[in-house]
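Chain by chain, the residues run as shown.
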Amino acid sequence: MKEFVRKFFVSLKRSPQSIPLVALAIAFIVYSFRLTSISHTTSRINTANMGQCEFAAMLFSILSFVCFLRAFPKRQKVNRPMLILLFLMLVLLVFADSVYLTRINEAITRAENTVVIDSNTMYIAEARSTVTAHIVLVGVCAILLATLPFYARLLRMINTSIDVEGNGDMDVIDISGEDE
């Protein structure tokens, strides 16, 4: 177990960008696994731009992975234009989710033809909580990306070297090749 933890920290030291990548993957999984309730909500409420926001959220979620992987290529410096594009994708993702959430709240609170959440329309409450969780998770991913240089330095400070027996007696080993 100790060796597993050491190897885990070694891999984090080599690629600290995997932390926000995992956060982005979790946000995508949360949204895509609940896509059925979101699409049912879109068809039930059916106000302006709900379908486009649902489509845009899914599209920007997938494209943000592409931007992320292009922003952090292996053994190369960070690709700044792709990183800026990634942040733009995350902002657009939060915007699309916010518009969608606003449309749900308007449908629930409007005066005429109010959508009531009961046992038959429980998917609306599920979609609302899913979209809210998606906004929070994308925000966490953006914060992790913004603070990446700081915690990458902290990860580099962790000692992951292995103490090998016999390394202390290096002066008694004769490597000159001369026989005495």
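For the structure itself, look to the data block above.
First, a word on what this report is: a plain description of the structure on this page. (Residues numbered from 1 in each chain as written. Predicted model: local features only at pLDDT ≥ 70, side-chain atom pairs only at ≥ 80, totals over all residues. Heavy atoms only, no water.)

## Focus on helix H3 (residues 35–45)
Phase 1 of the analysis: Among all positions in H3, only Ser37, Ile38, Thr41, Thr42 and Ile45 are buried. Angular distribution of buried residues about the axis of H3 spans 140°; they occupy a single face of the element. Those residues of H3 that are exposed and aimed more than 90 degrees away from the buried face are Thr36 and Ser43.
Phase 2 of the analysis: Buried residues along H3 sit in contact with helix H2 (18–33), helix H4 (50–71), helix H5 (80–109) and helix H6 (122–146). (Buried < 20%, exposed > 50% of the residue type's maximum accessible area, 1.4 Å probe, protein only. Helix = DSSP H or I, 4+ residues; strand = E, 2+ residues; numbered from the N terminus. Arc of directions from axis to C-beta. Contact = heavy atoms within 4.5 Å.)

## Examining the nonpolar core
One recurring pattern in soluble globular proteins is that nonpolar side chains are buried together.
Phase 1 of the analysis: In this structure, Leu90 and Leu145 are the most contacted members of the largest nonpolar core, which totals 42 residues.
Phase 2 of the analysis: For this core, the element with the most residues is H5, which contributes 13 residues.
Phase 3 of the analysis: Among all residues touching Leu145, those that are not within four sequence positions of it are Pro20, Phe68, Phe72, Leu83, Leu86, Phe87 and Leu90. (Core = buried A, V, L, I, M, F, W, Y, C linked by side-chain atoms within 4.5 Å.)

## Here's the deal with the environment of Arg80
Phase 1 of the analysis: Mapping Arg80 onto the fold places it in helix H5.
Phase 2 of the analysis: Using a relative accessible area of 61% as the deciding quantity, one classes Arg80 as exposed.

## Points about the packing of aromatic side chains
Phase 1 of the analysis: Per the counting criterion, the structure on display carries two aromatic pairs.
Phase 2 of the analysis: Judged by centre distance (5.6 Å) and plane angle (90°), the ring pair of Phe28 and Phe65 falls under edge-to-face. Of this pair, Phe28 sits in helix H2 while Phe65 sits in helix H4; the two residues are 37 residues apart in sequence, bridging distant segments of the chain.
Phase 3 of the analysis: Aromatic pair Phe68 and Phe72: ring centres 5.1 Å apart, planes at 45°, arrangement tilted.
Phase 4 of the analysis: Assessed through its relative accessible area of 2%, Phe68 is described here as buried. (Phe/Tyr/Trp six-rings, centres within 6.5 Å; stacked < 30°, edge-to-face > 60°.)

## A short note on a nonpolar patch on the surface
Phase 1 of the analysis: Together, Met1, Phe4, Val5 and Phe8 line one region of the surface with nonpolar side chains, adding up to about 470 Å² of accessible area.
Phase 2 of the analysis: According to the relative accessible area criterion, Phe8 is partly exposed, its value standing at 42%. (Patch = residues over 30% accessible without salt bridge, like charges linked within 9 Å, V, L, I, M, F, W, Y side chains within 5 Å. Areas by Shrake-Rupley, 256 points an atom, 1.4 Å probe, with all protein chains shown as cover. Salt bridge = Lys/Arg side-chain N within 4 Å of Asp/Glu carboxyl O.)

## Quick notes on unusual backbone geometry
Among all residues save glycine, negative phi is the norm, and among peptide bonds the norm is trans.
Phase 1 of the analysis: The phi dihedral of Asn46 is positive, around 50°, even though this residue is not glycine.
Phase 2 of the analysis: Structurally, the position occupied by Asn46 is in the loop between H3 and H4.
Phase 3 of the analysis: With phi around 70°, Asn49 is a residue other than glycine that occupies positive phi space.
Phase 4 of the analysis: Topologically, Asn49 is positioned in the loop between H3 and H4.

## Describing the pattern of salt bridges
Phase 1 of the analysis: In total, this model carries two salt bridges according to the counting rule given.
Phase 2 of the analysis: A salt bridge links Glu126 to Arg34, with the nearest nitrogen and oxygen atoms 3.1 Å apart. With Glu126 in helix H6 and Arg34 in the loop between H2 and H3, the pair connects residues that are 92 residues apart, well separated along the chain.
Phase 3 of the analysis: The partner of Glu106 in a salt bridge is Arg103, with the nearest N and O atoms 3.8 Å apart. Pair noted here: Glu106 and Arg103 are both in helix H5, with a separation of three residues, about one helical turn.
Phase 4 of the analysis: Look at Glu106 and you get partly exposed, because its relative accessible area is 41%.

## A few points about the side chain of Ser37
Phase 1 of the analysis: With respect to the helices, strands and loops of the structure, Ser37 is situated in helix H3.
Phase 2 of the analysis: Looking at Ser37, the relative accessible area reads 5%, which means it is buried.
Phase 3 of the analysis: Separated by 2.9 Å, the side chain of Ser37 and the backbone oxygen of Arg34 make a polar contact.
Phase 4 of the analysis: Apart from the residues within four sequence positions on either side, Ser37 is in contact with Tyr123, Glu126 and Ala127. (Polar contact = N/O pair within 3.5 Å; in protein donor to acceptor, adjacent residues only side chain to side chain.)

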